[in-house]
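What the coordinates show
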Amino acid sequence: MVEPVKFETKNEAAKYVALYIANSINLFQPTEKKPYVLGLPTGSSPEPVYAELINLYKKRLVSFKNVVTFNMDEYCEIEPTNDQSYDYFMHKNFFDHVDLQPQNINILNSLAEDYEKECADYEAKINRYGKFNLFMGGLGPNGHIAFNESGSPRDSKTRIVNLDESTIIANSRFFGNDTSKVPNKALSVGISTIIDNSNELLFLVFGETKREILHKTLTSEICSGIPSTYLREHKNCIVVFDSEAAGN
Ligand code: GLP
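Criteria and thresholds
- Residues numbered from 1 in each chain as written.
- Predicted model: local features only at pLDDT ≥ 70, side-chain atom pairs only at ≥ 80, totals over all residues.
- Heavy atoms only, no water.
- Salt bridge = Lys/Arg side-chain N within 4 Å of Asp/Glu carboxyl O.
- Helix = DSSP H or I, 4+ residues; strand = E, 2+ residues; numbered from the N terminus.
- Buried < 20%, exposed > 50% of the residue type's maximum accessible area, 1.4 Å probe, protein only.
- UniProt positions renumbered as here; feature names shortened; annotations may be inferred.
- Near = heavy atom within 4 Å.
- Polar contact = N/O pair within 3.5 Å; in protein donor to acceptor, adjacent residues only side chain to side chain.
- Areas by Shrake-Rupley, 256 points an atom, 1.4 Å probe, with all protein chains shown as cover.
- Nonpolar A, V, L, I, M, F, W, Y, C, P; charged D, E, K, R; others polar.

Per the stated rule, a full pass over the model turns up five salt bridges. The partner of Arg-154 in a salt bridge is Glu-233, with the nearest N and O atoms 2.6 Å apart. One end of the pair, Arg-154, is in the loop between strand E6 (134-138) and strand E7 (159-162); the other, Glu-233, is in the loop between helix H7 (211-219) and strand E10 (237-242), and 79 residues separate them in sequence. A relative accessible area of 41% places Glu-233 in the partly exposed class. Lys-216 is paired through a salt bridge with Glu-212; the nearest N and O atoms lie 3.1 Å apart. Residue Lys-216 and its partner Glu-212 are both found in helix H7; the two are separated by four residues, about one turn of the helix.

Listed under "domain: Glucosamine/galactosamine-6-phosphate isomerase" (unreviewed entry) in the UniProt record, and renumbered for this structure, are residues 9-235. Between the C-alpha atoms that bound residues 9-235 there is a distance of 26 Å. The span itself is 33% helix and 15% strand.

Glancing now at the site of the ligand. In the neighbourhood of the ligand, 14 residues make up the surrounding shell, with Ser-44, Ser-45, Asp-73, Arg-173 and Lys-210 lying closest. The side chain of Asn-171 places a nitrogen or oxygen atom 3.2 Å from an oxygen atom of the ligand. Considered on its own, the ligand offers 390 Å² of accessible surface; in the complex 95% of this is hidden by protein. Split into classes, the residues belonging to the shell around the ligand amount to five nonpolar, six polar and three charged.

Take a look at the structure:
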């Protein structure tokens, strides 16, 4: 079941989402032995959420000391020092500004020698923690969640994926609008990793370019052609969007 929550602006939505996550962590009262497990995305949508979480941390309203994070995806064959790697993004926008313990940060290794092993190990590590307390995500304009493109099986786990032409074009805005610079493969948690392994999902959908996919996510028949429709199979999924995405 999806609960749609609309805000006038992306920034108002980000404040709500950051407070929601901070409250959830505080209520859980994580300890070293019982950490709070948080799934995280990259992209422009979560940026203001990370800024708000840093604010809350600075005001001592939340601590990430006993939080374990898993990022949902990463490009293949991109140096972590490349400013378009998701590793770089996460450190710059969030990790380096809060009290997360480095050993509690998990990101798929873009330079792993054996990608299949990297993905299997990542999935196994997630399973060792049990369920995510909360998985935050965003939507690609084509309805991808993480890098699960159209046609991704419902039971998919962490694996190497080929990016859709439309995703390469959409993400080229971060690579100087040069599609040849966008990696065409990525490592991504699967649809099952997200839907079946999380107590709670919180997805962010902002801007006019997401209007069509927001509508389809909420109303189209649930199918692998539009992976985001699978969010509706989860018992506790909040989709937060702004008026631009809503179209009113
Ligand atoms: C990328 C990421 C997704 C993200 C999507 C949307 O393709 N792999 O995880 O949800 O972008 O990004 P944005 O929030 O910038 O629209």
